[in-house]
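So the chains spell out like this:
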Amino acid sequence: MTAEKKSETAPKGAATTSEKTRKAWTPKSPVEVVLEQIGKQERKVAELQQELDAEKTTLNKLLQAKKVLEA
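The structure displayed is predicted, hence computed values, not measured ones.

Definitions and limits used
- Residues numbered from 1 in each chain as written.
- Predicted model: local features only at pLDDT ≥ 70, side-chain atom pairs only at ≥ 80, totals over all residues.
- Heavy atoms only, no water.
- Helix = DSSP H or I, 4+ residues; strand = E, 2+ residues; numbered from the N terminus.
- Buried < 20%, exposed > 50% of the residue type's maximum accessible area, 1.4 Å probe, protein only.
- Areas by Shrake-Rupley, 256 points an atom, 1.4 Å probe, with all protein chains shown as cover.
- Salt bridge = Lys/Arg side-chain N within 4 Å of Asp/Glu carboxyl O.
- Patch = residues over 30% accessible without salt bridge, like charges linked within 9 Å, V, L, I, M, F, W, Y side chains within 5 Å.

1. Some remarks on the overall build of the protein
A tally of regular secondary structure across the protein gives 2 helices and 0 strands. Across the 71 residues of the protein, 1% fall into the buried class. A total of about 7100 Å² of accessible surface is found on the protein, and carbon and sulfur atoms cover 58% of it.

As structure tokens, this is what we get:
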């Protein structure tokens, strides 16, 4: 159903004659908007997870240094 809507809403006379002209704006369906938001959130979570892993590694190193200093 969404594939049909995309083909129907796309303007047929929007063929660009030069690369400088911009494509016509086509509104996104609510499904596309939600899927885009999900993708952005997944990327953000992955980035934060990498930062958290790096911080945990640093903390473990510091805790090991603390054990050595206390001994």
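2. Side note on the pattern of salt bridges
In the structure shown here, the tally under the stated rule is 2 salt bridges. As a salt-bridge pair, E36 and K28 come within 2.3 Å of each other at their nearest N and O atoms. Classification of E36 as partly exposed rests on a relative accessible area of 34%. Between E36 and K40 there is a salt bridge whose closest N-O contact spans 3.7 Å. On the criterion of helical spacing, the pair formed by E36 and K40 is a turn pair, its members being 4 residues apart in helix α2 (residues 30–70). One network of salt bridges, with partners in common, ties together K28, E36 and K40.

3. Observations concerning a nonpolar patch on the surface
On the surface, V31, V34, L35 and I38 cluster together to form a nonpolar patch covering roughly 350 Å² of accessible area. Summarising the element assignment, I38 is placed in helix α2. For I38, a relative accessible area of 42% gives the class partly exposed.

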